[in-house]
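Residue strings, one per chain:
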Amino acid sequence: MTAVEAHLRHELEISDYATASIRNSGQIPQHLRARQLKEETSYGRVWRRLFNSAVAEGQIRADLDPRYVQLLVLGALNWAAEWRDPRRDSVDDIVANAQSLVRHGLGVNEESRTRGMRSTRKSPGRR
């Protein structure tokens, strides 16, 4: 939840550079693209470690592929820069909604824990 908040606050409040980078990443000149890809890869590793830890601790549902989940979450967080209207949309509200979506959309609820839902089942894409 801390990573979700930090990402959104950085993107929407703290850094105009981060917002511009997210919006224009596919349009920068090739000689700058290599450095940008290196930074993206490094940042992706941070999130991959977070998701891998959550999987290892049984905090993410077994029916979800952690790689897809990471890509979808980051994509959704990044897209907030496109649709947010600062005159109408509070960063606090966006953060709270994103955290709830991640927590409740990915998390293992008590009912599934008691049924032993955590398994080694692989997602359909990994068969």
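Here's a quick rundown of the structure. (Residues numbered from 1 in each chain as written. Predicted model: local features only at pLDDT ≥ 70, side-chain atom pairs only at ≥ 80, totals over all residues. Heavy atoms only, no water.)

Details of the nonpolar core
Note on soluble globular proteins: their nonpolar side chains tend to be buried together.
Turning to step 1, where the next piece is worked out: Ranked by internal contacts, the top residues of the largest apolar core, which has 19 residues, are Val-4, Leu-8, Leu-12, Trp-47, Phe-51, Val-73 and Leu-77.
Turning to step 2, where the next piece is worked out: Of all the secondary structure elements, the ones that give two or more residues to this core are α1 (2-14), α3 (30-56), α4 (66-83) and α5 (91-106). (Core = buried A, V, L, I, M, F, W, Y, C linked by side-chain atoms within 4.5 Å. Buried < 20%, exposed > 50% of the residue type's maximum accessible area, 1.4 Å probe, protein only. Helix = DSSP H or I, 4+ residues; strand = E, 2+ residues; numbered from the N terminus.)

What to know about the packing of α1 against α5
Turning to step 1, where the next piece is worked out: Relative orientation of the contacting elements α1 and α5 amounts to 145°, with a least axis distance of 10 Å. Of the two elements, α1 crosses α5, and the hand of that crossing is right-handed. Only Val-91, Asp-92, Ile-94, Val-95, Ala-98, Gln-99 and Val-102 of α5 make contact with α1, whose side of the interface consists of Val-4, Glu-5, Leu-8, Arg-9, Leu-12 and Glu-13.
Turning to step 2, where the next piece is worked out: Across the contact of α1 with α5, the residue classes tally to eight nonpolar, one polar and four charged. (Axes fitted to C-alpha atoms, helices over the stretch in contact; angles between N-to-C directions. Left-handed = near helix turned anticlockwise from the far one by under 90°. Contact = heavy atoms within 4.5 Å. Nonpolar A, V, L, I, M, F, W, Y, C, P; charged D, E, K, R; others polar.)

What to know about the packing of aromatic side chains
Turning to step 1, where the next piece is worked out: Tallied over the entire structure, the rule returns two aromatic pairs.
Turning to step 2, where the next piece is worked out: On the basis of an interplanar angle of 70° and a centroid distance of 6.3 Å, the ring pair of Tyr-43 and Trp-47 is categorised as edge-to-face. Of this pair, Tyr-43 and Trp-47 both sit in helix α3, four residues apart, which is roughly one turn of that helix.
Turning to step 3, where the next piece is worked out: The class for Trp-47 is buried, based on a relative accessible area of 3%. (Phe/Tyr/Trp six-rings, centres within 6.5 Å; stacked < 30°, edge-to-face > 60°.)

Some details on the environment of Thr-2
Turning to step 1, where the next piece is worked out: Topologically, Thr-2 is positioned in helix α1.
Turning to step 2, where the next piece is worked out: In the structure, Thr-2 is positioned 97 residues away from Gln-99 in sequence and 8.6 Å away in space, judged by C-alpha atoms.

Let's talk about α3
Turning to step 1, where the next piece is worked out: With 27 residues, α3 ought to run about 39 Å at 1.5 Å a step, and its terminal C-alpha atoms sit 38 Å apart, in line with that.
Turning to step 2, where the next piece is worked out: Listed in full, the buried residues belonging to α3 are Gln-36, Gly-44, Trp-47, Phe-51 and Ala-54.
Turning to step 3, where the next piece is worked out: Looking at the residues trailing α3, positive phi occurs at Gly-58, about 75°. (Expected span 1.5 Å × (residues − 1).)

Topic: the pattern of salt bridges
When charged atoms on two side chains of opposite charge get close, those side chains can pair.
Turning to step 1, where the next piece is worked out: One pass over the full model with this rule turns up seven salt bridges.
Turning to step 2, where the next piece is worked out: We note a salt bridge from Glu-40 to Arg-33, for which the minimum N-O separation is 3.8 Å.
Turning to step 3, where the next piece is worked out: The class for Glu-40 is partly exposed, based on a relative accessible area of 39%.
Turning to step 4, where the next piece is worked out: With a shortest N-O distance of 3.2 Å, Arg-88 and Asp-89 are connected by a salt bridge. (Salt bridge = Lys/Arg side-chain N within 4 Å of Asp/Glu carboxyl O.)

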